[in-house]
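# Secondary and tertiary structure notes
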Amino acid sequence: MEMQNEIKHIAFIMDGNGRWAKKRMMPREYGHTFGAKKFKEVASHCYELGIPNVTFYAFSTENWKRPAQEVNAIMKLFMNYLDDAKKSLDKDVGIVFLGSKAPFSAEMREKMEFLEDETRTRPKKLCIAINYGGRAEIVDAVNKLIAEGKTEFTEDDITNNIYSGVCPPPDMIVRTGGEMRLSNFLMWQSVYAELFFTDTLWPDLTDKEIDGMIEQFNNRKRRFGGV
Ligand code: IPE
Ligand code: IPE
Ligand code: MG
């Protein structure tokens, strides 16, 4: 597949795992297990297409409201991924976690920091938004600047101090699961992102459907306020 508009960054809101499981009369956790598999497949496909930065919304600051059983199951899948990534991550991909690590266990925080430190200088990025909120990200950036003694901020100050500062803003944001909203994802960075919504539930997303969205992306006129 050819890329006309260069895509430097694609972001996914991985929604619909719970409904996917329900359709199979299985508990929601079952959907998350398949969702986690799909996440690895989609990331590989995007790097194969030559997109250097890929972001996934895995867990929002609001998702802590879910039943403890579901939250625990997601954290367990996340722990498994952290162990797996150490071995199976592409050699040129660096991991960045978007979100405050404060609520996670010490063991989990250590694993996250280890992966980030080990892979920091790699040219491609895999950003995983976990305990992520777009508003919290902006507030944290402002507080960081204040702590550094700043009293007045520019847009660049915010852009350079948000968690995702390592990546350019996303060219495409894809949400599966049929809802047409951003649910507190990339509030600052999304202003000129091209948005794609599909009813497909996250575990059912195919490479072919992603290719189709990229084809649509290539036909969109991005004006950025110009003519
Ligand atoms: C996955 O989809 C997103 C996460 C918060 C992990 P959901 O768990 O929201 O699935 P639905 O929307 O209930 O189907
Ligand atoms: C958005 O999905 C968050 C993630 C995909 C991690 P939600 O299922 O939490 O969003 P809402 O509640 O439908 O807005
Ligand atoms: Mg959902």
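The following paragraphs examine the structure supplied in this document. (Residues numbered from 1 in each chain as written. Chains lettered and ligands numbered in written order. Predicted model: local features only at pLDDT ≥ 70, side-chain atom pairs only at ≥ 80, totals over all residues. Heavy atoms only, no water.)

## Looking at the side chain of Ser164
Within the secondary structure, Ser164 sits in the loop between α6 (155–161) and β5 (172–175). At 3.2 Å, the side chain of Ser164 forms a polar contact with the side chain of Glu137. When residues no more than four places from it in sequence are discounted, the contact partners of Ser164 are Leu98, Glu137 and Gln189. (Helix = DSSP H or I, 4+ residues; strand = E, 2+ residues; numbered from the N terminus. Polar contact = N/O pair within 3.5 Å; in protein donor to acceptor, adjacent residues only side chain to side chain. Contact = heavy atoms within 4.5 Å.)

## A short note on the site of ligand 1
Residues in contact with ligand 1, as listed here, are Met14, Asp15, Gly16, Asn17, Gly18, Arg19, Arg28, His32, Ala58, Asn63, Arg66 and Glu70. Here an oxygen atom of ligand 1 and a side-chain polar atom of Asp15 are 2.8 Å apart. Take Gly18: an N or O atom from its main chain is 2.9 Å from an oxygen atom of ligand 1. For ligand 1, whose free accessible area comes to 380 Å², the fraction covered by protein is 87%. Within the residue set of the shell around ligand 1, elements represented by two or more residues are α1 (17–23) and α2 (28–48). Broken down by element, the residue count for the shell around ligand 1 peaks at 3 residues, all from α1. Partitioned by chemical class, the residues of the shell around ligand 1 number 2 nonpolar, 5 polar and 5 charged. (Near = heavy atom within 4 Å. Areas by Shrake-Rupley, 256 points an atom, 1.4 Å probe, with all protein chains shown as cover. Nonpolar A, V, L, I, M, F, W, Y, C, P; charged D, E, K, R; others polar.)

## Considerations on the pairing of strand β4 (residues 124–132)
Extensive coverage of β4 is indicated by the burial of 8 of its 9 residues. Where strand β2 (residues 53–60) and β4 come together, 7 bridges link them in parallel fashion. Looking across to β4, one finds that Tyr57 is bridged to Ala129. As defined by bridge partners, strand β3 (residues 93–98) adjoins β4 across 6 bridges and the pair is classed as parallel. Residue pairing in the sheet places Ile95 in a bridge with Leu126 of β4. (Buried < 20%, exposed > 50% of the residue type's maximum accessible area, 1.4 Å probe, protein only. Pairing = 2+ DSSP bridges.)

## Things to note about the sheet that holds β4
Pairing within the open sheet is parallel, and its 6 strands lie in the order β3-β4-β2-β1-β5-β6. Every interior strand has two partners, whereas the edge strands, β3 and β6 (194–197), have only one. Ignoring which end each strand starts from, the neighbouring axes of this sheet average 20° apart. Across the sheet, α2 is in contact with β1 (9–13), β2, β3 and β4; its angle to β4 comes to roughly 145°. (Axes fitted to C-alpha atoms, helices over the stretch in contact; angles between N-to-C directions.)

## Considerations on the pattern of salt bridges
Enumeration over the complete set of coordinates arrives at 17 salt bridges. Shared partners join several salt bridges into a network, and the residues in it are Asp15, Arg19, Arg175, Glu179 and Arg181. (Salt bridge = Lys/Arg side-chain N within 4 Å of Asp/Glu carboxyl O.)

## As for the nonpolar core
The biggest cluster of nonpolar side chains holds 42 residues, and the ones touching the most others in it are Ile10, Phe12, Phe56, Phe97, Leu126 and Met172. With 8 residues, helix α3 (residues 68–88) is the single largest residue contributor to this core. Non-local contacts of Ile10, meaning those with residues more than four positions away in its chain, are made with Cys46, Ile51, Asn53, Val54, Thr55, Met172 and Val174. If you look at the next biggest cluster of nonpolar residues, it comprises 14 residues, including Ile13, Val96, Ala129 and Ile173. (Core = buried A, V, L, I, M, F, W, Y, C linked by side-chain atoms within 4.5 Å.)

## Brief notes about the site of ligand 2
Near ligand 2 you find Ile13, Met14, Asp15, Tyr57, Ala58, Phe59, Asn63, Arg66, Arg175, Arg181 and Ser183, and these make up its full shell. At a separation of 3.2 Å, an oxygen atom of ligand 2 approaches a polar side-chain atom of Asp15. Asn63 places a polar side-chain atom, nitrogen or oxygen, 2.9 Å from an oxygen atom of ligand 2. Contact with the protein chains covers 79% of the free accessible surface of ligand 2, which is 390 Å². Looking at the shell around ligand 2, its residues break down into 5 nonpolar, 2 polar and 4 charged.

## Here's the deal with the packing of α3 against helix α4 (residues 106–119)
Remark: α3 packs on α4, axes separated minimally by 10 Å, with the N-to-C direction vectors making an angle of 35°. The way α3 lies across α4 gives a crossing that is left-handed. On α4, the residues touching Met75, Phe78, Met79, Leu82, Asp83, Ala85 and Lys86 of α3 are Glu107, Met108, Lys111, Met112, Phe114 and Leu115. For the contact of α3 with α4, the class distribution of residues is 9 nonpolar, no polar and 4 charged. (Left-handed = near helix turned anticlockwise from the far one by under 90°.)

By themselves, these observations are geometric and do not establish any function.
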